[in-house]
Amino acid sequence: MSTVQSSPLDSILNEQGTIVNDFQIMIATVNGSGSQTANTALLRAIFRMGVPVSGKNIFPSNIQGLPTWYSIRVNKDGYIARLEDYHVLVAMNQQTFLEDVEKLAGGGVCFYPEEWKFKQNRDDIFYYPMPVKALIDADESIPANLKPYVSNMVYVGILATILDIDLDEIAFALDFHFGGKAKPINMNMGVVKTAYAWAQDNFPKLDPYKVERMRATDGMLLLDGNSAGALGAVFGGVSFVSWYPITPSTSLIDSLRAYLSDLRTDPTTGKTTYAIVQAEDEIAAIGMVIGAGWAGARSMTATSGPGISLMAEFAGLAYYAEVPAVIWDVQRVGPSTGLPTRTSQGDVISAYFLGHGDTHHVVLLPSSIAEAFEFGWKAFDLAERLQTPVFVLSDLDLGMNLWMSESFEYPDTPLDRGKVLSAADLEELGRFGRYEDVDGDGITYRTLPGTDHPAAAWFARGTGHDPQAIYSERPEHWVENMARFKRKFGTARTLVPAPVVDLVDGADIGFIAYGTTDVCIVEGRDRLLKEHDLKTSYLRLRALPFEETTREFLARYERVYVVENNADGQVAKLLYMEYPEMANRIVSLAHLDGMPLTARWMVDAVLEQER
């Protein structure tokens, strides 16, 4: 073994000392090489050691063969936004090796297969050459066809040694990953233990990085947003799902299928009480969802930007005919095919106005695993209460990556079916007008198909109609109906989840953000205060349309920075439209490169504006 030692490293070690629970690991591999098992085992093990952690999977849009990276941020203070720097590099892709090493922070650590012959040309980082091939070839118990995949466990064992990650927690993580199946658990854990022992005997500890047990994750979950949203939909009473596969939303339906098969079987007959249909395209998917919603089922679909585009006409039909439906949009980078496996907040305006004519939709904006679960069930209540499609705008970062979360708050009230008339109601009323605004809130009454009363029938019209749902092209009926939609949208403002607001005394500026940008805002605000003595307040949007809290927040500050992970500043534009009298207070900070936003970018962008 050869190790580079030099004065820059001595200086770094003397200055920094041991760095505990405050660094980022970057694992560079080849897509399709089976590295996900190793990477998530490391992430879950650190999480189970009580240390706040977050993981980001940066993968290509082909099936296999191209470079992929997985970052693990370890942070004792609970910051989980992506860092632009990484301090520990596991280099398992020779194609990107030199570039990956070049980006490694000074004083960082590089693990790489020892059979790679190269010149160690940086004297400010630590090198650990790993005998990956030798250790795998020596283990005759591993089938030859599995050795390329199991070889990733070598770096798990060596990192466990050097960073002091508990082997028992890695064993638990593998048990969880393989669902208790002894054969793959033992095979993978055997490699981990072999590599761990080899590193103990052959690698003296040279670098400053270390994982140390904490209690900061006690009682918390580690889950991806697509799974959380799917579980929330189950608690929301979903009974019909139609979809067409598209990254990054497919795993939401996969999770939904798994949860429903466990939880939605009739105990008497053994038959399932739900239906999941893979449609021929997104147009058919949303069409079936609307048909099911009209029939009284709690129905949903999941897609991403290109699918949203195809759903426009049916979304407009459901809006105007007033049929409830839930549409999950797990956003990715566009326009067009764009970057299918990168994250974005680029569909806000398209979802908000989807359709043609004067269409405005309710949009929910989850920022965490807990909110993905909450909005998973709450979207159905809102859709049926308002008799309209409700969009849930997640993104690839939230949907496909593992996040820490507090335990979920489960719904403790009955399903809100909205204004549904029963046969007994109709008998008492004698009649009803499907599109009559009886209560003045813009929301009309409806009946469900099969209601046993002669007054129950009505036409769900996508064309002009009068309050009794009779076809009409009379101008006064159109004007009346659109005025009622405006009243209903006003009612929606009072029903959607309110923003979360943090008002700070003495703050001169405010932030508005939503979704996964929240973690960058939280860390960036702390840095602005600590490093620049800049006090800030923060409003996190949870839904559209805006409600009065947003107006009040804008009125408080001369400058309000709207931070978004898109190129056009889409919510900033909506704020300009909604509150033109305060447009001069709104400053758009929008950035899109396919990666989650960082606190460093946010701080630099704010300071540049403030200067």
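Residues numbered from 1 in each chain as written. Predicted model: local features only at pLDDT ≥ 70, side-chain atom pairs only at ≥ 80, totals over all residues. Heavy atoms only, no water.

## Things to note about the overall build of the protein
Part 1: A tally of regular secondary structure across the protein gives 22 helices and 23 strands.
Part 2: At 27 Å, the protein has a C-alpha radius of gyration in line with the 25 Å of a compact globule built from 611 residues.
Part 3: Each principal axis of the C-alpha atoms in the protein carries an extent, and together these give about 90 × 65 × 40 Å.
Part 4: In the protein, which comprises 611 residues, the share counted as buried stands at 57%.
Part 5: Within the protein, counting contacts between residues at least 6 apart in sequence, those at least 24 apart form 76% of the total.
Part 6: Accessible surface, the protein: about 25200 Å² in total, of which carbon and sulfur atoms supply 51%.
Part 7: Averaging the coordinates of the 52 positive side-chain charges in the protein and doing the same for the 79 negative ones gives two points 1 Å apart. (Helix = DSSP H or I, 4+ residues; strand = E, 2+ residues; numbered from the N terminus. Rg over C-alpha atoms; globule rule 2.2 N^0.38 Å. Buried < 20%, exposed > 50% of the residue type's maximum accessible area, 1.4 Å probe, protein only. Contact = heavy atoms within 4.5 Å. Areas by Shrake-Rupley, 256 points an atom, 1.4 Å probe, with all protein chains shown as cover. Lys, Arg positive; Asp, Glu negative; His and termini not counted. Charge placed at Lys NZ, Arg CZ, Asp CG, Glu CD.)

## A word on helix α10 (residues 250-263)
Part 1: In a regular helix each residue adds 1.5 Å, so 14 residues correspond to 20 Å; α10 covers 20 Å between its end C-alpha atoms and thus fits that length.
Part 2: Inspection of α10 places Leu252, Ile253, Ser255, Leu256 and Leu260 among the buried residues, and these make up the whole buried set. One face of α10 carries all of its buried residues, which in axial projection span an arc of 160°.
Part 3: Contacts from the buried residues of α10 go to α9 (225-235), β10 (240-243), β11 (275-278), β12 (299-303) and β13 (325-333). (Expected span 1.5 Å × (residues − 1). Arc of directions from axis to C-beta.)

## Here we look at the pairing of strand β4 (residues 67-75)
Strand residues, when the strand is regular, have side chains that alternate between the two faces of the sheet.
Part 1: With respect to burial, β4 is a largely interior element, eight of its nine residues being buried.
Part 2: Across nine bridges, strand β2 (residues 22-30) lies against β4 in antiparallel orientation. Among the inter-strand pairings, aspartate 22 is bridged to a residue of β4, identified as asparagine 75.
Part 3: Across six bridges, the pairing between strand β3 (residues 53-58) and β4 is antiparallel. Each residue of the ladder has a partner; that of isoleucine 58, found in β4, is tryptophan 69. (Pairing = 2+ DSSP bridges.)

## Overview of helix α6 (residues 152-163)
Part 1: For α6, with twelve residues, the first-to-last C-alpha span of 17 Å sits near the 16 Å given by 1.5 Å per residue.
Part 2: Among the twelve residues in α6, twelve count as buried, and that is most of the element.
Part 3: Restricting attention to buried positions, one finds in α6 the residues Asn152, Met153, Val154, Tyr155, Val156, Gly157, Ile158, Leu159, Ala160, Thr161, Ile162 and Leu163.
Part 4: Backbone geometry just downstream of α6 places aspartate 164 in the positive-phi region, at approximately 70°.

## Focus on the environment of proline 475
Part 1: Locating proline 475 in the fold gives a position in helix α18 (residues 475-495).
Part 2: Along the chain, proline 475 and glycine 464 lie eleven residues apart, while their C-alpha atoms are 9.4 Å from each other.

## With respect to the pattern of salt bridges
Part 1: In the structure shown here, the tally under the stated rule is 37 salt bridges.
Part 2: The closest approach of N and O atoms between glutamate 384 and arginine 417, which form a salt bridge, is 2.4 Å. One end of the pair, glutamate 384, is in helix α15 (residues 369-386); the other, arginine 417, is in the loop between β17 (402-405) and α17 (423-429), with 33 residues separating them in the sequence.
Part 3: Here glutamate 384 falls in the buried class, since its relative accessible area comes to 3%.
Part 4: Where salt bridges share partners, they join Glu371, Glu374, Lys378, Asp518, Arg540 and Arg542 into one cluster. (Salt bridge = Lys/Arg side-chain N within 4 Å of Asp/Glu carboxyl O.)

Spatial relationships are all this shows, so hold off on functional conclusions.
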